[in-house]
Amino acid sequence: MTNAHVLVAEDIKKTFTEGRQTVEVLKGVSLSMERGEIVALEGPSGSGKTTLLSIVGCILTPSSGSVQINGHNVDPHDDSALPAIRRSSIGFVFQQYNLFPALTALENVMYALKIKRLANAGSGARAEAERVLDAVGLSDRKSFLPADLSGGQKQRVALARALAGSPPVLLADEPTANLDSQSGAAVLELFRKLAREENRGLLIVTHDPQVRMIADRVLTIRDGRIAA
């Protein structure tokens with residue numbers, strides 16, 4: 001593994017057991033991502049995309065295989081270490097935005113920093129939140145509640161929240177699914193710009209063909225395996 005790699009997953013397998021039934025969702029998936037690189041992960045529903053994203057995001061643990069985040073091995077047997085890795089090294093962007101409706105855009109980002117424990121409450125968190133909201137072009141909307149923002153603006157707040165604290169890895173799960181094509185294209189261009197400028201690795205799980213326009217590589221997963 002070189003220093004340029006911020007994410008390396010090797011021979012990831014994941015099996016779920018429900019009662020007497022065992023389902024092998026991932027059947028030996030390997031991928032890597034460098035700083036500043038954008039990788040799109042495509043595949044039909046049920047192919048294992050979200051499971052893989054959850055494993056490299058330290059939400060789920062693999063049945064076997066290894067994950068390295070920013071040069072550090074992730075120990076699947078140390079549940080207490082996973083939240084710390086998520087907080088320090090990974091930023092998430094979700095399909096549903098997941099913003100707190102009673103908090104302003106600024107407060108949503110500041111709350112994320114509090115959860116990440118990467119900035120003290122008060123001026124440090126506020127300055128970082130204002131920085132990332134400016135980076136996504138929402139300085140003039142920082143005092144707005146989510147209900148007063150468009151879908152594209154909500155996703156920009158979600159991106160700002162993921163960028164806060166400067167994690168080296170960004171993971172996005174269907175980030176344009178709830179946006180019209182024009183808003184989706186604008187958000188994707190922002191993803192591209194910020195991944196390059198801030199030297200983050202960006203993995204996007206998607207069904208949106210527009211993502212191909214910003215991706216350095218496109219991987220396809222079918223039946224639990226990366227297609228050749």
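Look up a bit, the structure's there.
The following paragraphs examine the structure supplied in this document. (Residues numbered from 1 in each chain as written. Predicted model: local features only at pLDDT ≥ 70, side-chain atom pairs only at ≥ 80, totals over all residues. Heavy atoms only, no water.)

1. A look at the overall build of the protein chain
Inclusion rule: Each helix corresponds to a stretch of at least 4 residues labelled H or I by DSSP, and each strand to a stretch of at least 2 residues labelled E; elements are numbered beginning at the N terminus. This radius of gyration counts C-alpha atoms alone. The globule rule is 2.2 Å times how many residues there are, raised to the power 0.38. Residue exposure (1.4 Å probe, protein chains only): buried if accessible area is under 20% of the type maximum, exposed if over 50%, otherwise partly exposed. Accessibility throughout is a Shrake-Rupley quantity obtained with a 1.4 Å probe, and a residue counts as covered only by protein chains that appear here.
Assigned secondary structure in the protein chain consists of six helices and ten strands. For 228 residues, the compact-globule estimate of 2.2 N^0.38 gives 17 Å, and the C-alpha radius of gyration of the protein chain, at 17 Å, lies within 12% of that figure. When the backbone C-alpha atoms are referred to their principal axes, the protein chain occupies close to 50 × 40 × 40 Å. Counting only residues that meet the buried cut, the protein chain has 46% of its 228 residues in that class. Accessible surface, the protein chain as shown: approximately 10900 Å² in total, 47% of it carbon and sulfur.

2. Section: the sheet that holds strand E5 (residues 72-73)
Using the following cut-off: Two strands qualify as a pair provided DSSP detects at least 2 bridges between them. Throughout, a contact is declared for two residues whenever any of their heavy atoms are within 4.5 Å. Only the stretch in contact is used when a helix axis is fitted, and all axes are lines through C-alpha atoms; the angle between N-to-C directions ranges over 0 to 180 degrees.
Ordered by their spatial adjacency, four strands build an open sheet running E2-E1-E4-E5, and the pairing between neighbours is antiparallel. The sheet is open, and its two borders are formed by strand E2 (21-34) and E5, each paired with just one other strand. Sheet analysis places strand E1 (residues 5-18) next to E2, joined by eleven bridges and oriented antiparallel. Its bridge partner being in E2, Ala 9 is matched across the sheet by Leu 31. Sheet strands in contact with helix H1 (residues 49-56) are E1, E2 and strand E4 (64-69), and its direction is about 120 degrees off that of E1.

3. Digging into the sheet that holds strand E7 (residues 169-173)
One open sheet holds the six strands; their spatial order is E6-E7-E8-E3-E9-E10, and the pairing between them is mixed. Each edge of the sheet is formed by a strand with only one pairing partner; in this case those strands are strand E6 (90-93) and strand E10 (225-226). Sheet topology note: the strand E3 (residues 38-42)/strand E8 (residues 201-205) ladder contains four bridges and is parallel. Paired with Leu 41 across the bridge in E8 is Val 205. Most of the contacts of H1 go to E7, to which it runs at about 155 degrees, and overall it touches E3, E6, E7, E8 and strand E9 (217-222). Here helix H2 (residues 81-89) sits on the sheet and contacts E6 and E7; the angle it forms with E6, its principal contact strand, is near 80 degrees.

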